[in-house]
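Secondary and tertiary structure notes
What follows is the residue order along each chain.
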Amino acid sequence: MDIERGSKENSMRYKEEGNTAFKHGNYQKAVESYTKAIELNESESVFYSNRARCYKAMRMFDLAYEDAKVAVEMDDKNIKAHALLGQCLAEKGKLEPGIERLETAHARLMKSLTLCAGQKKQEYEKELQRNILRLRKLIWFKKDEALRKRKLDMLANIKRLMARDSSLNEEERTKKYEDIVELLGNPSVIPERTVPDYLCCQISHDLMEDPVTTQSGYTYERSNLRDHLAKNGNIDPVTRDSINPTHIFPNLNVKQAIEAFLKECPWGFEFKKNEDYHSITCLLYTSDAADDLLCVDLGGRRIIK
């Protein structure tokens, strides 16, 4: 019993060493410490998810995935492990032609979100939801690329078949092909995508996530309005009229419209012109969090558990 207790105590000491090394960006040292902790106590799910986080920071996704998988098998309620599985699958799936791995990643992140609700950790839900929206955006881009490729292949085949049709002269052949392209849509031309103005903040002109309305009737992103009032006083950003900061209310109608828009157009989240999935790099977290933090902010911020 004393030997077992000593092993567990020493494993926790190595875990703390790993946490410290991770905070300082010494991921290899952290891996070594977590490995020693695992050797002394193989039953702690968090040891594996901690080491997975290190491997992921070093872009060793296969090793990160395997450790996160073990962590989930030991404790299916390990929120961080599910999130790590989703992140690893997303990063690996981004480079693959299909979307199967990305859809599995989405399921893992949704599992993390469900666990947050079940464990009453609502403070994490917003960041998980944002990361899920990033993943849905990535999946949309991959689907769109695949659809355009299928159309290009189809048009190429049609053109070859029409070239063999001796009943058509060159002019007729060209006209018929142009009609087919018009019907299918030209896959070589990427249509311009824009976010509706009424869904955008009047300060940043970006798609809102948490829209609020002042007594002037204008709607803003809550954080943008808060920063504006802190810098400029209680002045409406558009009308320049004095406003009462206690008379700022959530705009639920616009919030619902934003959710409906993103469901139909996932590309609209964190919208950038001329963006494609190759530029979506926010599926990696760069958190310096220790093991008692939930590393789910794939954009580089951290959320304290």
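Please refer to the structure higher up on the page.
Please read all numbers here as calculations on a predicted model, not as lab measurements.

1. Structural notes on the overall build of the chain
The number of helices and strands found in the chain is 10 helices and 3 strands. Going residue by residue from the N terminus, the α and β elements of the chain occur as α-α-α-α-α-α-α-α-β-β-α-β-α. The burial tally for the chain puts 42% of its 305 residues in the buried class. Residue pairs at least 24 apart in sequence account for 58% of intrachain contacts in the chain once pairs closer than 6 positions are excluded. Carbon and sulfur atoms make up 50% of the accessible area of the chain, which totals about 17100 Å².

2. Some words on the sheet that holds strand 3 (residues 249-250)
As summarised here, the arrangement of the 3 strands in space is 2-1-3, forming an open sheet in which the pairing is antiparallel. In this open sheet, the two edge strands, each paired with only one partner strand, are strand 2 (219-221) and strand 3. With 2 bridges connecting them, strand 1 (residues 211-213) and strand 3 associate as antiparallel partners. In the sheet register, Val 212 faces strand 3, and the bridge partner there is Pro 250. The strands that helix 9 (residues 222-232) touches are strand 1, strand 2 and strand 3; relative to strand 2, the one it contacts most, it runs at about 95°.

3. Description of the nonpolar core
Core analysis: the largest hydrophobic core is formed by 39 residues, its most contacted members being Leu 102, Leu 135, Val 195, Leu 199, Leu 207, Ile 258 and Phe 261. For this core, the secondary structure elements donating two or more residues are helix 5 (79-93), helix 6 (100-118), helix 7 (125-163), helix 9 and helix 10 (252-264). Excluding anything up to four places from it in sequence, Leu 207 contacts Val 195, Leu 199, Cys 200, Ile 258, Phe 261, Leu 262, Gly 268 and Phe 269. Formed by 12 residues, the second largest nonpolar core is a distinct cluster that contains Ala 52, Ala 68, Val 72 and Ala 81.

4. Side note on the packing of aromatic side chains
The relative placement of two aromatic rings is captured by the distance of their centres and the angle of their planes. Counting across every chain of the model gives 5 aromatic pairs. A ring pair is formed by Phe 261 and Trp 267, whose centres lie 5.7 Å apart and whose planes are at 85°; its orientation type is edge-to-face. Across the pair, Trp 267 and Phe 261 agree in class, each one buried. The ring of Tyr 14 carries the charged tip of Arg 13 above its face, separated from the ring centre by 4.7 Å. For Lys 159, the ring lying beneath its charged end belongs to Tyr 177, and the centroid distance is 5.0 Å.

5. Thoughts on the packing of helix 4 (residues 61-74) against helix 5
Where helix 4 meets helix 5, the closest approach of the two axes is 9 Å, and the angle between their N-to-C directions is 150°. Judged by the angle between their axes, helix 4 and helix 5 are roughly antiparallel. By crossing handedness, the relation of helix 4 to helix 5 is classed as left-handed. Residue-level contacts link Phe 61, Asp 62, Ala 64, Tyr 65, Ala 68, Lys 69, Ala 71 and Val 72 of helix 4 to Ala 81, His 82, Leu 84, Leu 85, Cys 88, Leu 89, Glu 91 and Lys 92 of helix 5.

6. So, helix 3 (residues 45-57)
When the terminal C-alpha atoms of helix 3 are compared, their 19 Å separation across 13 residues agrees well with the 18 Å that a helix rising 1.5 Å per residue should span. Every buried residue belonging to helix 3 is among Ser 45, Phe 47, Tyr 48, Ser 49, Asn 50, Arg 51, Ala 52, Arg 53, Cys 54, Tyr 55 and Lys 56, and all of these are buried. Trailing helix 3 by a residue or two, Arg 59 shows a phi angle of about 65°, which is positive.

Calculation rules
- Residues numbered from 1 in each chain as written.
- Predicted model: local features only at pLDDT ≥ 70, side-chain atom pairs only at ≥ 80, totals over all residues.
- Heavy atoms only, no water.
- Helix = DSSP H or I, 4+ residues; strand = E, 2+ residues; numbered from the N terminus.
- Buried < 20%, exposed > 50% of the residue type's maximum accessible area, 1.4 Å probe, protein only.
- Contact = heavy atoms within 4.5 Å.
- Areas by Shrake-Rupley, 256 points an atom, 1.4 Å probe, with all protein chains shown as cover.
- Pairing = 2+ DSSP bridges.
- Axes fitted to C-alpha atoms, helices over the stretch in contact; angles between N-to-C directions.
- Core = buried A, V, L, I, M, F, W, Y, C linked by side-chain atoms within 4.5 Å.
- Phe/Tyr/Trp six-rings, centres within 6.5 Å; stacked < 30°, edge-to-face > 60°.
- Lys NZ or Arg CZ within 6 Å of the ring centre and 35° of its normal.
- Parallel < 35°, antiparallel > 145°, perpendicular 65-115°, else oblique.
- Left-handed = near helix turned anticlockwise from the far one by under 90°.
- Expected span 1.5 Å × (residues − 1).

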